[in-house]
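What the coordinates show
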Amino acid sequence: MEPRKFVAPEFILGEGALDLAGRYAFNLAAKKVLIVTDPRVIRAGWTGKVEDSLAQAGLPSVVFSAVTPNPKDTEVMAGAELYLQEQCDVIVAVGGGSSMDCAKGIGVVASNRKNIRLFEGVDRIETPCPPLICVPTTAGSSADISQFAIITDTTRMMKIAIISKNVVPDLALVDPLTTVTMPAALTAATGIDALVHAIEAYVSNANSPVTDLNALEAIRLVARNLKGAIEHPLDLGFRNPMMLASLLAGLAFSNASLGLVHAMAHSLGGFWDFPHGDCNALLLEHVVAFNFDAVPERYAAIADAFGLGIADLPQAEQKARLVEALRRFRIEAGVTGGLQQLGMSKADLSKLAEKAMKDPCVVTNPVQPTVQDIERIYERAF
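Figured I'd write up the structure that's included with this text. Fair warning: this is a prediction, and the values are worked out from it, not measured in the lab. All residue numbers refer to positions counted from 1 along the written sequence of the respective chain. Note on the predicted model: pLDDT of at least 70 is required for a residue's local features to be given, and 80 or more for side-chain atom pairs to be given and counted; whole-chain, interface and lining totals, by contrast, use all residues. In computing side-chain values, all of the structure's heavy atoms are included and hydrogens and water are not.

A few points about the overall build of the chain
Regarding its fold elements, the chain presents 15 helices and nine strands. Note that the radius of gyration is over C-alpha atoms, with the globule rule given as 2.2 Å times the number of residues to the power 0.38. Against the compact-globule benchmark of 21 Å for 382 residues, the chain has a radius of gyration of 20 Å, which places it among compact chains. Considered along the principal axes of its C-alpha atoms, the chain spans approximately 65 × 45 × 45 Å. Within the span of the chain, comprising 382 residues, buried residues form 58% of the whole. Looking at the chain alone, contacts between residues at least 24 apart form 78% of all its contacts between residues at least 6 apart. Accessible surface, the chain: about 14700 Å² in total, of which carbon and sulfur atoms supply 53%. Side-chain charges of the chain comprise 33 positive and 42 negative groups, with the mean position of each set lying 2 Å from the other. Counting from the N terminus, the helices are DSSP H or I runs at least four residues long and the strands are E runs at least two residues long. Note on exposure labels: buried denotes an accessible area under 20% of the residue type's maximum, exposed denotes more than 50%, and partly exposed covers the range between, all computed with a 1.4 Å probe on protein chains only. In this description, contact between two residues means that some pair of their heavy atoms is separated by no more than 4.5 Å. In these tables, accessible area is a Shrake-Rupley quantity obtained with a 1.4 Å probe, and a residue counts as shielded only by the protein chains included in the view. We score Asp and Glu as negative and Lys and Arg as positive, and we do not count His or the chain ends. By convention, the point assigned to a charge is CZ for Arg, NZ for Lys, CD for Glu and CG for Asp.

Concerning the packing of aromatic side chains
Aromatic rings from Phe, Tyr and Trp, with only the six-membered ring used for Trp, were paired whenever their centres fell within 6.5 Å, and each pair was classed as stacked if the ring planes differed by under 30 degrees, edge-to-face if by over 60, and tilted otherwise. Per the stated rule, a full pass over the model turns up five aromatic pairs. Note on tryptophan 272 and phenylalanine 274: the rings are 6.1 Å apart at their centroids and 10° apart in plane angle, and the pair reads as stacked. Taking the relative accessible area as the measure of exposure, phenylalanine 274 reaches 5% and is therefore buried. The rings of Phe271, Trp272 and Phe274 are connected pair by pair, giving a single aromatic cluster. Sitting over a ring, as applied to charges here, requires NZ of Lys or CZ of Arg to be within 6 Å of the ring centre and within 35 degrees of the ring normal. The cationic tip of arginine 298 hangs over the ring face of tyrosine 202; the distance from NZ or CZ to the ring centre is 4.3 Å.

Some words on the nonpolar core
In this structure, Leu195, Ile219, Met264, Leu268, Leu283, Tyr299 and Tyr378 are the most contacted members of the largest nonpolar core, which totals 80 residues. Beyond its immediate stretch of four places on either side in the chain, tyrosine 299 contacts Ile199, Val203, Val288, Asn291, Phe292 and Leu322. Leu34, Val36, Ile125 and Ile151 belong to the second largest nonpolar core, which has 31 residues in total. Buried Ala, Val, Leu, Ile, Met, Phe, Trp, Tyr and Cys residues that are joined via side-chain atoms within 4.5 Å together make up what is termed a nonpolar core.

Side note on the sheet that holds strand β5 (residues 121-122)
The three strands are arranged β5-β8-β7 in an open sheet whose pairing can be described as mixed. Strand pairing shows two members of the sheet lacking a second neighbour, β5 and β7 (148-153), which therefore form its edges. Any two strands are treated as partners once DSSP identifies two or more bridges connecting them. One ladder, built from six bridges, connects β7 with strand β8 (residues 158-163); its direction is antiparallel. Note that in β8 the partner of isoleucine 151 across the bridge is isoleucine 160.

A few points about the layout of surface pockets
What the largest pocket holds in volume is close to 860 Å³. A 1.4 Å probe that fits but cannot get out identifies a cavity on a 1 Å grid over protein atoms alone, an open set with protein on both sides within 12 Å along at least five of seven lines counts as a pocket, and a residue lines either if it has an atom within 4 Å of a point. Around the largest pocket, the lining comprises 43 residues; the ones closest to its centre are Gly97, Ser98, Thr190, His276 and Gly277. Residue assignment for the lining of the largest pocket shows that the elements contributing at least two residues are α2 (39-44), α5 (97-112), β7, α6 (184-203), α9 (260-272) and α10 (276-291). For the lining of the largest pocket, the leading source of residues is α6, giving seven residues. Residue polarity is assigned by list, with Asp, Glu, Lys and Arg as charged and Ala, Val, Leu, Ile, Met, Phe, Trp, Tyr, Cys and Pro as nonpolar; anything else, Gly included, falls into the polar class. When its residues are assigned to classes, the lining of the largest pocket shows 18 nonpolar, 19 polar and six charged. Of the pockets and cavities examined, the second largest pocket occupies roughly 350 Å³. If you trace the second largest pocket, you find 21 residues lining it, with Val122, Gln147, Phe148, Ile163 and Ser257 closest to the centre. Among the elements that make up the lining of the second largest pocket, the one with the highest residue count is helix α8 (residues 236-256) (four residues). Looking at the lining of the second largest pocket residue by residue, the classes come out as eleven nonpolar, six polar and four charged. Grid points are joined across faces, edges and corners, and a volume is the space filled by probe spheres set on the points.

Points about the sheet that holds strand β1 (residues 10-13)
Spatially, the six strands line up as an open sheet ordered β1-β9-β6-β4-β2-β3, and their pairing is parallel. The open sheet has two free edges, formed respectively by β1 and β3 (61-64), since each of these has just one partner strand. On average, each strand axis in the sheet is tilted by 20° relative to the strand beside it, whichever way the strands run. The sheet contact formed by strand β2 (residues 33-36) and strand β4 (residues 90-95) spans four bridges and is parallel. The residue bridging isoleucine 35 from the neighbouring strand is valine 92, located in β4. Throughout, an axis means a line fitted to C-alpha atoms (over the contacting stretch in the case of helices), and angles, computed between N-to-C directions, take values from 0 to 180 degrees. Each of β2, β3 and β4 touches helix α4 (residues 73-85); the most contacted strand, β3, lies at about 165° to it. Here α5 sits on the sheet in contact with β2, β3, β4 and β6 (132-136), set at roughly 165° to β4.

Re the packing of α6 against helix α12 (residues 315-332)
One can describe the packing of α6 onto α12 by two numbers: an axis separation of 11 Å at closest approach and a directional angle of 155°. With respect to α12, the axis of α6 lies roughly antiparallel. Mapping the contact onto sequence places Ile192, Leu195 and Ile199 in α6 and Leu326, Phe329 and Arg330 in α12. Of the residues belonging to the contact of α6 with α12, the class tally is five nonpolar, no polar and one charged. Each angle receives one of four descriptions, namely roughly parallel if under 35 degrees, roughly antiparallel if over 145, roughly perpendicular if within 65 to 115, and oblique otherwise.

Below you can see the structure in the form of structure tokens.
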């Protein structure tokens, strides 16, 4: 085994973890905190609970909530301006992947005083970011764990990936209680996002024994608990394992990277502003069908973790069974139809495929596709 670097934040997992925000911001020597969140999370009450925790620790805070799904470069720049104007020194993100990625971008800009678009790629951040605490309120994005920040470049209408240990949060407060206010559609989309993270990390050409363990357990947890979390939103017997699945999938993909599902979903999200989780869900079965024959033993292990029990079948039958199981799973979760229903036009296939081909997630896909391959996969998911 060759030496290999792994990154992960300090994290606290369990009911009530959110209440520790003030204590840990104080431990980071905060004087004033910028809270990055969104209107839905404010309405759910979680932002207010974090404000109260900070106040109890004697820490003033200011809220930046102009965050939309698929966070934009303009939102990052506005948040950084507020951070500097208010003389903040610690950031607390409260929300899903959009709020957490925006918070990471704000920290990058606040420390480096350059446009966020200039940090696209791997290890481009020169000056370390301010301390960052993440409080995830969805079970799927794993932005609280990862060394990725995904931001929409509004000029080029594409998502850029900023990959650096500088955007790994200093602390993640992973509290399953925050997920009980998610509507069913969001529970489904984020849960399948966690599943895709785990599957893509497991078949990534940068996989490792460490990431494999986390990925396979995340797959088991999602397969067993997502339907229950959708149907019984207040039942922590389902919410707890889904939050754990998100965390484990994040540890896997943050260190093994992702693949073609995410490259194609990023293209759709940047160009059309489509929901990321829905894009992943609609693309997954088609990318698995495309990749399967390159690493059949890995997909067989995924099928086993998914509870299919098809190891003794011929390879072609294993492939068909897994693809069909993934299709049924997302339909039962409520993600039906195809990309056409999100608003995609076939006239855009070429542009979308070219943008997806440039995404860094393609590098670790087990098969190196052509632009034409990607076009065909989009068409099958249409």
